[in-house]
Amino acid sequence: MSKVLLMSLGSRGDMEPFLAKGEELIEEGHEVAFCMPAQFESLAKQVSPSFYPMTADFLALMDDPEVKKITGQIGSGWSRLKTILKLLRSTKPIQQQLIRDQKTADDAFKPDSIIYHIKCVYPVIAALRYNRNVALLSPVPCLLYVVDDEPAIGFGRPKSPWWNRMTYSISNYALINQAILGYGNPVLKEWNEKPLEKKELKSFLLEKLPVEFAISQELFPRPKNWPQHVVVTKFRERNKTKQWEPSDQLLTFLEKHPNPLYIGFGSMINGNPREVGRIIIETCSELEQPVLINTSWGGIELDDQLPDHVFVVSDIPYDWLFGKVRAVVHHGGSGTTHSALRFQKKQLIIPHIADQYLWNRLIHKAGYGPIGFPIKEFNKERFKKGLQNLVL
């Protein structure tokens, strides 16, 4: 038996693959602890009592109006880029506190190995300065290692193979220089440790670091040119029904309206959530399509009085729900994409940011749904056409 520290940073969708990995390790007889933002303590303790918090300030950024402009695709591309550059500078104290919190967890739990999310910087420091065993677990491909027909995450649509390959050099440069050196080296100075260097970081990340992409090989077969220490396995999902029961109202709705549509945008927001909600209700009414709507973090706003064929849900386990729905309309997060795929459900993805555009392309390419459109292009005509292609 070994001690394994699982370290993740981001929204709930970034936590779930690590929680599922933790369950798997516990079943194999290992001792597991989690290091995550403080907001996820109760969630993590459903799997293991050992939890070490990172500062809550990182997730609190999601409520910052400037951050909402990025996640909601509000404003021009140039204005959002300026906002990102501004946030990289202003959030440096938070990023550095995250590194300290991650080291605190390592020092307290004393694991034999650390499995981490790419947003976490400390594990790289731990490997290169403290000789720790670390491995990267990612629920998203197109990071670090070149894919000829897809650009690195964040670089839009695929273009020529030359350009696609170039985006990985740009992305890796930003990861090394901004995230690791920019945030990490000042903290290493606090700890009286030798600063990290670009050359050793590039060698470690691309030639030595064990990497597991926990994604569906049906959607993303492993590229043959990747090094042997990089693997594509499967998407892991916990059984979330253990501590959840459906309400009588939900069961009654499903009995009256079997095989409804599911619509939800997870933690994503947009510039006009009330208009989005109105269009969803009107379109589903016109198509006589029963629908379950998850308003989530505010990306969809609805009136208090709703038609009989509409039911609002929240925090509902997909492994319970998706076997009971006709199709899934969502933002394109890796977790929701794979959950719907598990039940072989058609999907319409309305991407907001980052890897969501990739899943939109991969789901369409695999024949699981029509090509979606960005949230900033959401209107009734496009949404209705997308639904008709999805369910008719």
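Up top you'll find the structure we're talking about.
Calculation criteria
Residues numbered from 1 in each chain as written. Predicted model: local features only at pLDDT ≥ 70, side-chain atom pairs only at ≥ 80, totals over all residues. Heavy atoms only, no water. Axes fitted to C-alpha atoms, helices over the stretch in contact; angles between N-to-C directions. Helix = DSSP H or I, 4+ residues; strand = E, 2+ residues; numbered from the N terminus. Parallel < 35°, antiparallel > 145°, perpendicular 65-115°, else oblique. Left-handed = near helix turned anticlockwise from the far one by under 90°. Contact = heavy atoms within 4.5 Å. Nonpolar A, V, L, I, M, F, W, Y, C, P; charged D, E, K, R; others polar. Buried < 20%, exposed > 50% of the residue type's maximum accessible area, 1.4 Å probe, protein only. Patch = residues over 30% accessible without salt bridge, like charges linked within 9 Å, V, L, I, M, F, W, Y side chains within 5 Å. Areas by Shrake-Rupley, 256 points an atom, 1.4 Å probe, with all protein chains shown as cover. Salt bridge = Lys/Arg side-chain N within 4 Å of Asp/Glu carboxyl O. 1 Å grid on protein atoms, 1.4 Å probe; cavity = no way out; pocket = protein on both sides within 12 Å on 5 of 7 lines; lining within 4 Å. Points joined across faces, edges and corners; volume = space filled by probe spheres on them. Pairing = 2+ DSSP bridges.

Undergrad: For this particular structure, what's the right way to read the packing of helix α11 (residues 273-286) against helix α15 (residues 380-391)?
TA: Packed helices, taken two at a time, are described by their axes: the angle between them and the distance between them. Between α11 and α15, whose axes approach to 10 Å, the crossing angle comes to 45°. Comparing their axes, α15 and α11 come out oblique. When you trace α11 past α15, the crossing you get is right-handed. Each of Ile279, Ile280, Glu282, Thr283, Cys284 and Glu286 in α11 lies in contact with α15, whose residues at this interface are Lys380, Phe383, Lys384 and Leu387. Broken down by class, the residue content of the contact of α11 with α15 amounts to 5 nonpolar, 1 polar and 4 charged.

Undergrad: Sorry if this is basic, but what is going on with helix α14 (residues 356-365) here?
TA: Counting along an α-helix, one turn takes 3.6 residues, and residues three or four places apart therefore face a common direction. Counted residue by residue, α14 has 7 buried out of 10 residues, so it is predominantly covered. Buried within α14 we find Gln356, Leu358, Trp359, Asn360, Arg361, Leu362 and Ile363. Next to the buried residues of α14 lie α13 (334-342) and β12 (346-349). Gly367, located one to two residues past α14, shows a positive phi value of around 85°.

Undergrad: I'm lost on a nonpolar patch on the surface in this one. Help?
TA: Taken together, the side chains of Trp162, Met166 and Ile170 make up a nonpolar region of the molecular surface, amounting to roughly 300 Å² of accessible area. With respect to the helices and strands, the residue Ile170 is situated in helix α8 (residues 161-190). A residue is classified by how much of its surface remains accessible, and Ile170, at 37% relative accessible area, is partly exposed.

Undergrad: Explanation requested: empty space enclosed by the protein in the structure shown.
TA: Which parts of space are left empty comes out when a probe the size of a water molecule is rolled across the atoms. Tallied over the entire structure, the rule returns 1 cavity of 30 Å³ or more. There is about 60 Å³ of room inside the largest cavity. What lines the largest cavity is Tyr116, Ile118, Cys120, Val121, Val124, Leu136, Leu175, Ala179, Ile180 and Leu205. With 3 residues, α8 is the single largest residue contributor to the lining of the largest cavity. Partitioned by chemical class, the residues of the lining of the largest cavity number 10 nonpolar, no polar and no charged.

Undergrad: Sorry, what's going on with the pattern of salt bridges here?
TA: Pairs can form between side chains of opposite charge whenever their charged atoms are close. On inspection of all chains with the given rule, the structure shows 26 salt bridges. Note that Arg129 and Glu200 form a salt bridge whose closest N and O atoms lie 2.6 Å from each other. Taken together, the positions of Arg129 in helix α7 (residues 122-129) and Glu200 in helix α9 (residues 198-208) put the pair 71 residues apart, joining distant regions of the chain. Taking the relative accessible area as the measure of exposure, Glu200 reaches 23% and is therefore partly exposed.

Undergrad: Please clarify how the packing of helix α6 (residues 92-109) against α8 should be interpreted in this entry.
TA: Running from N to C, α6 and α8 cross one another at 60°; their axes reach a closest spacing of 9 Å. Considering their axes alone, α6 and α8 lie oblique with respect to each other. Crossing hand, α6 versus α8: right-handed. Here α6 contributes Lys92, Gln95, Gln96, Ile99 and Arg100 to the contact with α8, which in turn contributes Gly182, Tyr183, Gly184, Pro186, Val187 and Glu190. Class assignment for the residues of the contact of α6 with α8 results in 4 nonpolar, 4 polar and 3 charged.

Undergrad: Please clarify how the sheet that holds strand β6 (residues 211-213) should be interpreted in this entry.
TA: The 7 strands lie next to each other as β3-β2-β1-β4-β5-β6-β7, forming an open sheet whose pairing is parallel. Looking at which strands have only one partner, the edges of the open sheet turn out to be β3 (51-54) and β7 (230-232). With strand direction ignored, the average angle separating the axes of adjacent strands in the sheet is 20°. Here strand β2 (residues 31-37) pairs with β3 via 4 bridges, running parallel. Each residue of the ladder has a partner; that of Pro37, found in β3, is Met54. Running at roughly 170° to β2, helix α1 (residues 12-27) makes contact with β1 (3-7), β2, β4 (113-116), β5 (134-138) and β6 of the sheet. Here α7 sits on the sheet and contacts β1, β4 and β5; the angle it forms with β4, its principal contact strand, is near 145°.

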